Amino acid sequence: MIRRALRQRIGVDIDDEYGGAEFTRTADRGIYLSYDGERRKEELLNISHKKRRLDPSSLEDRLAHWIPIPDDNFDEEEVRAPQSDSTLGKRKTYLSTKNPMALWRPLMGEFLSELLRHDGLGDDTENPCCAHCTSRFSPRATPPVRLFKCYECGQFLQCLSCCIANHARTPLHVIKEWNGDFWVPSTLAKIGLIYQLGHGGFSCSFPDTMVHSLTVIEEPTLHEIRMRYCKCSKSDQADNLEQLLRNGWYPATVTDPGTCATFRSLEIYRLYSVVGNMNVRDFMTSVERMTDTTATSGMTWLPDRYKQFSRVSRQWSFLSRLKRAGRGHDPKGPAGTAQGECAVRCWACPQEGRNLPEGWREVDPKYQFLYMLILAVDANFRLRNRIRVNEIEDPTLGPGWGYFVEPVSYREHLKNYVNEKEVSTCIAFAALLQKDTRLTTGLRVSGVGGCVCARHECLRPNGIGDLQKGERYSNMDFIVLAALAGFSLLWLTISYDIGCQWKQHFHERVKELPAEIRLPLDDIKIQFGLPVWHAASHNEDCQNENSLSFRPGVGRSDGEGVERFWSRLNGASFSTKDAGQGVRADTIESKIDDHNFLKNVGQDFWWRSKPNPYVLSRRDCPTEAAVRVDVRKDEEALSGGSAPLHGRSATAFLVAGIQIEDSQRRILTQLKGDTALIAADRENKIQEWRHALLVKIAKFRSLQKIYMPGAAAVLEQVEADRDFDAPPPKAENVKLFMPSAMISQTPDPHNGCIPGLADMEAKLRLAQCENSLASLRARLHAKRHLISFRNSNIIGQVRSTKARTLIGEVGNRVEAFADRYRQGRTALVALKGAEAYPHLRPLNPDDVQLDGDAEESDSAARKKLAMLGAGRGARAPRNAPGTSKRLMSWIWTAPGSLDEEMMHECKHHALFDEMRRVLRYLGWQAEWWRSRVGLRADLPLETMAGMKAYALKEAGWHDRLAEFFRNKWNVPAVTVAQRLLAEESVGLDDLFGVE
């Protein structure tokens, strides 16, 4: 009996036996055959059970099979078609859109006349009377008939009684009175209006007997009003503060309020602050000037409400965040708020229980990058804060509830810090050199450290903290770990401009942090990277090893998102530099809250994975010697083990031909340039090479008659066509006519060769091409190292000349391997066609250099130096291509150049999975808001009704947004390609996958 073992994978549902998880049963199938071949026996051996590796599409999730941007198999011509002028024609332009100011200029006098018309009575000039009761203006009548105009009501006149009656429920309108010659400012309080609180201006059966004066800030003016509180049964359970709040007026104090701000004004200022970085002083100055411009000169008087509005605007912003976080719906109230609970989280980043499908941890390891979290870390030294004398203790309203780290544990952690001894082994980087020497005199805070998601640029909950003395590791460690607390992770990538140094001893430092924020490092795969732009400041080796562009799974994330985040946040530095500690933190959190919201609702995705081409692979293609052995074995198998003809195998014959070609190229390389300048000793050496080469060619011809019978006729024809008066060709110019060169010379289906010889040459040529590329890459690495070493260490003419000579010799070897590859590929294409080996492309001169190795001409260098020295403020061209648009030579991504385990075909998987996570998060958030309904049964009916309405409104908003995103991402791929091409954000090579 002969036994043959085969591997057979059998999927079996064994939930009951193995704890509810899906497993795959595997075994070796033993096959036993009798010697006569008539009997056969099979059995399963070595049975084992392995946990099944899941594909993301097999997870139990309603979005697992949803594919955004459906591919309708469009081609390049279809993408270009809508942009053709012949198809759409040139768009017609109009002066009204091209230059509307040119149309307005002739009419400026008419516009000015209409503006002046508003300073009089307008249409009522000849008959000034009340539009309601038709009372005619008569200042000397008894009682006098006075006329007023209201900005909000409209451009009509009202008498005194009609004006008071019409404004009983709108006490914040701005009016002006006609004195017979012009309009003068007035107020409703001056003309006798008393507003009834608690009833919205309607009458009260039992009003308060005392009339109160109140200053109300209603953008864009200040209002001095007179009002009464309600004392009837409708307000039995509402005190004065509640009556003001229910009227939409926010009191500045909790005892006897004399100033209020309307909800509308507070929300307007919040938007002015987060969008335009307006501070309270500028806002209130604008309101005061809008109310009465002359008050700034002292001619008239207005109450100063700067402090009051500063207080209420801060409270309003904080309460708005609590409201959006659902804290009012929680029975625990604001006091039960957890760390980071008020922060707006990134909808697209992986969050277990919110936007990840069930079983995501069990997916195949090659798909785990889909659930990787990418963070960008950096410090910002513009958000400083000065120490103020006699400052009142006023901490932040929500310590650790939003984006700042929890202050108590943070301070306790920093107490144990004395000094750091880490020294940069990479670069003289500013953040490292100055981390302990930043000017901190008079500063409570020298800056902040932050942590954002690198893909979507949203600040993490508890992802920002104050820096007391530069960018110290103790601060940054705590901030990063606090931003990750409570999140379940499989794979984490951290981008940091000093990541090459910060990652050293990171695991040891984590153990010194508080237990509540420590990471389970044994369960998480962590990798560090340098942001793309900042990486240029690091050493060459450090760039190649740590560049974020070449970290597996990160796609086109550049790691610079934190810098873009800082640029948006820096506007708040002017208003927070001298602010109190609590005011500063709350102002910055409000700004961050708006930033994260806008990033979420403006989600846009583009992802492409890049492996690292500039680190030599530890695995390479098979060597030519190994391929020769394999070809020799195949030859022996075909011949049945018989000895080769004349003692030389067909494999040896082909190898000899390839070696002769190598010798010919070596001679041709030596002869490049002006042959008259070749030294005598080199000429003698070349003659010796030619003689030895002719001997080898003669032996090759003798074997060629055996293995390539058809070559004899071709050689005779070539000799007959040669000019007999011309000298015979030199050894380096002799044509060998290998099997690849015989295809176009003979109609024989075997090309005048013995059967199988062409296939054998194809295998050898493939090895020649792949090994030539590998050698080419190695020489380019050596050249780059030599150039970097020369630029950093070599000075003086003698040493520079020697270095230039050495670099030139390495460059010659690069050219030699490039020529060898080109010749091998030409033969391979002739044998099998270009389609058989698409990874072997034509090699152009621009392909055989590393990025940044192109040497500048002297004139170009002089121009650059002149530009840099032109004067203070000179800058480099702004239109230089960035690294994301730079074209990389294909030789760095060809098979054999990279570690295949580090390559990720993740463009579509990651892009689509982010879209699915956004939709899952919005669905989860909508259901979460619906679950808030009815949680507070301890409140009055009216309050519970308001809570229910708000929760359902938020749920509906998230549902509509999810539907909007889904429709947006269901656009056909050809439409997306046309939009991207129109925006010039990508090229056709990007769209069609050309690397």
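Residue numbering note: each chain is counted from 1, following its sequence as written. Per-residue local features are limited, in this predicted model, to residues with pLDDT of at least 70; the limit for side-chain atom pairs, both in listing and counting, is 80 or more; totals at the level of whole chains, interfaces and linings are taken over all residues. The basis for the side-chain values is all heavy atoms of the structure; hydrogens and waters are excluded.

An unreviewed UniProt entry lists the chain under the name CxC2 domain-containing protein, from Favolaschia claudopus.

Asks: Please clarify how empty space enclosed by the protein should be interpreted in this entry.
Replies: To locate leftover empty space, one rolls a probe as large as a water molecule over the atoms. For cavity detection a 1 Å grid was placed over the protein atoms alone, and a set of points counts as a cavity when a 1.4 Å probe fits there but cannot get out; an open set counts as a pocket when protein lies on both sides within 12 Å along at least five of seven lines, with lining residues being those that have an atom within 4 Å of a point. Grid points are joined across faces, edges and corners, and a volume is the space filled by probe spheres set on the points. If you walk through the whole model with that rule in mind, you get 6 cavities of 30 Å³ or more. The calculated volume of the second largest cavity comes to roughly 60 Å³. Lining of the second largest cavity is provided by Ser273, Val274, Asn277, Met278, Asn279, Gly571, Ala572, Ser575, Thr587 and Lys591. Under the grouping applied here, Gly and all other residues not named as nonpolar or charged are polar, the nonpolar ones being Ala, Val, Leu, Ile, Met, Phe, Trp, Tyr, Cys and Pro and the charged ones Asp, Glu, Lys and Arg. For the lining of the second largest cavity, the residue count by class is 3 nonpolar, 6 polar and 1 charged.

Asks: What exactly am I supposed to notice about the pattern of salt bridges here?
Replies: Once their charged atoms are close, side chains differing in charge can pair, the charge on each being opposite to the other. Salt bridges are defined by distance alone: a side-chain nitrogen of Lys or Arg within 4 Å of a carboxyl oxygen of Asp or Glu. Within the structure shown, the criterion is met by 33 salt bridges. Through salt bridges with shared partners, a single network forms among Glu457, Asp558, Arg564 and Lys599.

Asks: What is the right way to look at the sheet that holds strand β18 (residues 491-496) in this model?
Replies: Strands in a sheet are paired, the pairing made by backbone hydrogen bonds, and the direction either parallel or antiparallel. By the convention used here, strands pair only if DSSP detects at least 2 bridges between them. Elements are defined by DSSP. Helices are runs of H or I of four residues or more, strands are runs of E of two residues or more, and each kind is numbered from the N terminus. The strand order β17-β16-β13-β18-β19 describes an open sheet built from 5 strands, whose pairing is mixed. The open sheet has two edge strands with one neighbour each: β17 (459-467) and β19 (525-529). Strand-to-strand twist across the sheet, computed as the mean angle between neighbouring axes with direction ignored, equals 20°. Taken together, the 6 bridges between strand β13 (residues 372-380) and β18 define a ladder with parallel strand orientation. By the bridge assignment, Leu373 is partnered in β18 with Leu492. Lines are fitted to the C-alpha atoms to define the axes, a helix being fitted only along its stretch in contact, and any angle between axes, read from their N-to-C directions, falls within 0 to 180 degrees.

Asks: Quick question: what am I supposed to make of the packing of helix α21 (residues 650-670) against helix α25 (residues 797-832) here?
Replies: Two measures define how a pair of helices packs: the angle their axes make with one another and the distance between the axes. Where α21 meets α25, the closest approach of the two axes is 11 Å, and the angle between their N-to-C directions is 135°. With respect to α25, the element α21 is oriented oblique. At the point where α21 passes α25, the crossing takes the right-handed sense. From α21, Ile658, Glu661, Asp662 and Arg665 reach across to α25, where they touch Asp819, Arg820 and Gln823. Residues that form the contact of α21 with α25 fall into these classes: 1 nonpolar, 1 polar and 5 charged. Every angle not falling under 35 degrees, over 145, or within 65 to 115 is termed oblique; those three ranges are roughly parallel, roughly antiparallel and roughly perpendicular. In a left-handed crossing the near helix is turned counterclockwise from the far helix by less than a right angle, and in a right-handed crossing that turn is clockwise. Here, residues are in contact when the closest pair of their heavy atoms is within 4.5 Å.

Asks: Teacher, can you tell me more about α25 here?
Replies: Three or four residues apart is the spacing at which side chains of an α-helix point the same way, because the helix has 3.6 residues per turn. The span you would expect from a helix comes to 1.5 Å times its residue count less one. Its 36 residues place the ends of α25 52 Å apart at the C-alpha level, agreeing with the 52 Å of an ideal helix rising 1.5 Å per residue. Immediately downstream of α25, the backbone of Gly833 shows phi near 90°, a positive value.

Asks: Looking at this model, I keep getting lost on the pairing of β13. Mind explaining?
Replies: In regular strands, side chains alternate between the two faces of the sheet. With 9 of its 9 residues buried, β13 lies for the most part within the structure. Relative accessibility thresholds used throughout: buried, under 20% of the residue-type maximum; exposed, over 50%; partly exposed, between the two (1.4 Å probe, protein chains only). On β13, burial covers both faces: Met372, Ile374, Ala376, Asp378 and Asn380 on one face and Leu373, Leu375, Val377 and Ala379 on the other are all buried. Sheet topology note: the β13/strand β16 (residues 447-453) ladder contains 6 bridges and is antiparallel. In the sheet register, Leu375 faces β16, and the bridge partner there is Cys453.

Asks: Please clarify how the packing of aromatic side chains should be interpreted in this entry.
Replies: Aromatic rings in a pair are described by how distant their centres are and how their planes are angled relative to each other. Aromatic rings from Phe, Tyr and Trp, taking only the six-membered ring of Trp, are treated as a pair when their centres fall within 6.5 Å; an angle between ring planes under 30 degrees marks them as stacked, one over 60 as edge-to-face, and anything in between as tilted. Per the counting criterion, the structure on display carries 27 aromatic pairs. Feature note: the residues Trp347, Tyr921, Trp924, Trp928, Trp929 and Tyr950 constitute an aromatic cluster, connected by ring pairs. Two conditions define a charge located above a ring, namely a distance within 6 Å from the ring centre to NZ of Lys or CZ of Arg, and an angle within 35 degrees of the ring normal. Over the face of the ring belonging to Phe202 we find Arg169, whose NZ or CZ atom lies 4.6 Å from the ring centre.

Asks: Please explain the environment of Leu694 as it appears in this structure.
Replies: When you line up the elements, Leu694 lands in helix α22 (residues 680-707). Considering only alpha carbons, one finds Leu694 and Ile660, 34 residues apart in sequence, at a separation of 9.4 Å.

Asks: Would you mind showing me how to read the state of the cysteines here?
Replies: In a disulfide, the sulfur atoms of two cysteines are covalently bonded to one another. Criterion for a disulfide: a pair of cysteine sulfur atoms within 2.5 Å. Taken as a whole and judged by the stated rule, the model has 0 disulfides. We note that Cys162 lacks a disulfide partner, and the nearest cysteine sulfur, in Cys159, lies 3.4 Å from it. We note that Cys204 lacks a disulfide partner, and the nearest cysteine sulfur, in Cys230, lies 3.6 Å from it.

Asks: I keep staring at the pairing of strand β9 (residues 212-218) and nothing clicks. Help me out?
Replies: Buried residues dominate β9, accounting for 5 of its 7 residues. Where β9 lies against strand β10 (residues 221-228), 7 bridges are found, and the strand directions are antiparallel. Bridge assignment links Leu214 to a residue of β10, and that residue is Ile225. Between β9 and β10, which pair antiparallel one after the other, the connecting turn spans 2 residues. In this structure, β9 lies alongside strand β12 (residues 259-262), joined through 3 bridges in parallel fashion. Bridging from a neighbouring strand, Ile217 pairs with Ala261 of β12.

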